[in-house]
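Inside the fold
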Amino acid sequence: MSNNVEAYQREKLRLGGLGMFEVAIGSDTAGAPKPDAAPFLAGCEQLGTDPGRTLYVGENAINDVVGARNAGLPAVLLDRGARHKNFESARVENLTELTPEIRENSRDLAARAAGAPSICFFPKTPV
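Notes on the structure in this doc start here. (Residues numbered from 1 in each chain as written. Predicted model: local features only at pLDDT ≥ 70, side-chain atom pairs only at ≥ 80, totals over all residues. Heavy atoms only, no water.)

1. What about the overall build of the chain?
The secondary structure content of the chain amounts to six helices and three strands. Along its sequence from the N terminus, the chain presents helices and strands in the succession α-α-α-β-α-β-β-α-α. Counting only residues that meet the buried cut, the chain has 33% of its 127 residues in that class. Residue pairs at least 24 apart in sequence account for 31% of intrachain contacts in the chain once pairs closer than 6 positions are excluded. (Helix = DSSP H or I, 4+ residues; strand = E, 2+ residues; numbered from the N terminus. Buried < 20%, exposed > 50% of the residue type's maximum accessible area, 1.4 Å probe, protein only. Contact = heavy atoms within 4.5 Å.)

So this is what it looks like as structure tokens:
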């Protein structure tokens, strides 16, 4: 998902050896840029997932995290430079930090899939 034009983003992915992604959302195809809810909802629709069950990880506190939340997705801020320590969000400094958190909370994820009330993916930090 990008605020770039979809075709441009697909070409960047292809050139980077990541052309296998089936879904790429650009602001042009979503009808609005992030942080509008439209790109997030378009991505969930193309993936066939429910927004409340789709974890979004992004590097921009406003465009990614606030935008995802506004669309009903749980969101995690990828804060590589640790510049947003006071931002009220689940936050990781590298992607490897996601694996143990997701594994630790797999029971909660299963409960959500069964229709249980919304829960946090990262209980130590509010989502």
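2. Quick look at the packing of aromatic side chains
The full count for this structure, using the stated rule, is one aromatic pair. Pairing phenylalanine 40 with tyrosine 56 gives two aromatic rings, centres 4.9 Å apart and planes at 80 degrees, and the pair type is edge-to-face. Placement of phenylalanine 40 in helix H3 (residues 37–47) and of tyrosine 56 in strand S1 (residues 56–58) is noted, with a sequence separation of 16 residues between them. For the pair phenylalanine 40 and tyrosine 56, one class covers both residues: buried. (Phe/Tyr/Trp six-rings, centres within 6.5 Å; stacked < 30°, edge-to-face > 60°.)

3. Here we look at the side chain of aspartate 64
Checked against the element boundaries, aspartate 64 lands in helix H4 (residues 61–70). For aspartate 64, a relative accessible area of 6% puts it in the buried group. From its side chain, aspartate 64 meets the backbone nitrogen of glutamate 59 in a polar contact 3.0 Å long. Apart from the residues within four sequence positions on either side, aspartate 64 is in contact with Lys34, Phe40, Tyr56, Gly58 and Glu59. (Polar contact = N/O pair within 3.5 Å; in protein donor to acceptor, adjacent residues only side chain to side chain.)

4. What to know about the pattern of salt bridges
The tally for this structure, following the rule as stated, stands at six salt bridges. Between aspartate 64 and lysine 34 there is a salt bridge; the shortest N-O distance is 2.7 Å. With aspartate 64 in helix H4 and lysine 34 in the loop between helix H2 (27–30) and H3, this residue pair connects regions lying 30 residues apart in the sequence. (Salt bridge = Lys/Arg side-chain N within 4 Å of Asp/Glu carboxyl O.)

5. Quick word on the layout of surface pockets
Of the volumes computed, that of the largest pocket is approximately 740 Å³. In terms of lining, the largest pocket is formed by 27 residues, of which the most central are Met1, Ser2, Phe21, Tyr56 and Val57. Ranked by the residues each element gives to the lining of the largest pocket, the list is headed by H3, at four residues. Classifying every residue of the lining of the largest pocket gives 16 nonpolar, six polar and five charged. (1 Å grid on protein atoms, 1.4 Å probe; cavity = no way out; pocket = protein on both sides within 12 Å on 5 of 7 lines; lining within 4 Å. Points joined across faces, edges and corners; volume = space filled by probe spheres on them. Nonpolar A, V, L, I, M, F, W, Y, C, P; charged D, E, K, R; others polar.)

6. Observations regarding H3
When we look at burial in H3, the residues that qualify are Pro39, Phe40, Ala42, Gly43 and Cys44. Tucked inside the fold, the buried residues of H3 contact H2, S1 and H4. Measuring from the backbone nitrogen of alanine 38 back to the side-chain oxygen at the start of H3 gives 2.8 Å, which picks out aspartate 36 as the cap. Of the residues trailing H3, glycine 48 is marked for its positive phi of about 75 degrees.

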